[in-house]
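As a plain string of letters, each chain reads:
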Amino acid sequence: MKIAVIGSGSWGCAISAVLANKGNDVCLWSYFQEESDALKTNRENKKNLPGLILPDNITFTSDLEAAVRGRSVIVMVTPSAVVGDTARKMRPYVESGAAIVCASKGFDSETQKTLTQTIEDHIPNALVAALSGPSHAEEVAKQKPTTLVAASRNLTAAKMLQDLFMTDYLRVYTSSDVLGVELGGALKNVIALCAGISDGLGLGDNAKAALMTRGMTEIARLGTALGASLSTFSGLSGMGDLIVTCTSMHSRNRRAGILIGQGKSAKEAMEEVNMVVEGVYAAKEAHKLSKRLGIEMPITEQAYRVLFEGASPKEAVEELMTRDKKHESDNGFVSK
């Protein structure tokens, strides 16, 4: 198939290699001309994914029209902040009925919509799907066993994407809950940032387990309020992605959180990680959504206070630990 991959960071390069190794004609687009030239010369993203030599059947460009025109599948892997603008610019070149697969994770900062919703707003003539799950690019590049979820409201499209991405080291499941799959992928970055802060403070395993568990409660609470299926959050794009992002040093969100827990500002942490830390942006949008919908998300609220209101991480922990007493389940006691 003729495929465009829009975004040449670590995940964009890893996905391009997966698709090219299956014999597809892949064009990898970079926003920066110098980055595209370096990829063409070195066939390697030396900054973000060193060691992965990109196959010969990948071409490179910084021309969006050249990347997109005539491609039947377009994979979006840009930072969440620019998905909407990139989709708007792509629109004139996308063929009617083309499949656009969003592999980015986050929210549109202007509307708080999910990224597939934003793409659909800009390119209504395309079939838009989501690809998510516990998948560090560094491990996919080394062909270590990985699982993903291809989510589309169109079952035929979901199965097509399953076939497109599936290999003997990359197993792909299908889902019809596009909203749930996307929300799990976006919101887990906030909790991973908090897990990193916990590690940076030296709070131990008990605290991290509590953050992950109660964090998933918050994700599911907001997700179901928005219309997602509860069961999605116990799957790969929910709990699976949360586990890997909260526990791995491949996670830029966790790494940034560790630095914040050690005393650095969010700005200093992001500069040191030197990659996009989606959890920072997702915390702002999740906070807005929770307030608008009246959803209680105490961990997300404290993350927002630390990142944007100058609260100290220790102060945030104290606030969480001294909240009013609660029952664990949102449903309260269940009578037999």
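Residues numbered from 1 in each chain as written. Predicted model: local features only at pLDDT ≥ 70, side-chain atom pairs only at ≥ 80, totals over all residues. Heavy atoms only, no water.

*Asks:* Give a detailed account of the state of the cysteines, specifying residues and quantitative values.
*Replies:* Tallying each qualifying case throughout the model produces zero disulfides. Unpaired in terms of disulfides, C102 finds its nearest cysteine sulfur in C13, a separation of 17 Å. The class of C102 is buried, set by a relative accessible area of 1%. Of the cysteine sulfurs around C194, a residue in no disulfide, the closest is that of C246, at 8.6 Å. The exposure class assigned to C194 is buried, which follows from its relative accessible area of 9%. (Disulfide = S-S within 2.5 Å. Buried < 20%, exposed > 50% of the residue type's maximum accessible area, 1.4 Å probe, protein only.)

*Asks:* An account of the packing of helix α9 (residues 205-226) against helix α10 (residues 236-247) is needed here, citing residue identities and associated values.
*Replies:* Packing of α9 against α10 brings their axes to within 11 Å, and their N-to-C directions diverge by 145°. Where α9 crosses over α10, the two elements pack in a sense that is right-handed. Of the residues in α10, those touching α9 at K208, M212, M216 and I219 are G238, M239, L242, I243, C246 and T247. Residue classes in the contact of α9 with α10 are distributed as seven nonpolar, two polar and one charged. (Axes fitted to C-alpha atoms, helices over the stretch in contact; angles between N-to-C directions. Helix = DSSP H or I, 4+ residues; strand = E, 2+ residues; numbered from the N terminus. Left-handed = near helix turned anticlockwise from the far one by under 90°. Contact = heavy atoms within 4.5 Å. Nonpolar A, V, L, I, M, F, W, Y, C, P; charged D, E, K, R; others polar.)

*Asks:* Outline the environment of V273, listing residues and values.
*Replies:* Along the polypeptide, V273 turns up in helix α12 (residues 266-273). For V273, a relative accessible area of 10% puts it in the buried group. Considering only alpha carbons, one finds V273 and R252, 21 residues apart in sequence, at a separation of 6.6 Å. Contact partners of V273, with chain neighbours within four places excluded, come to R252, R255, A256 and L259.

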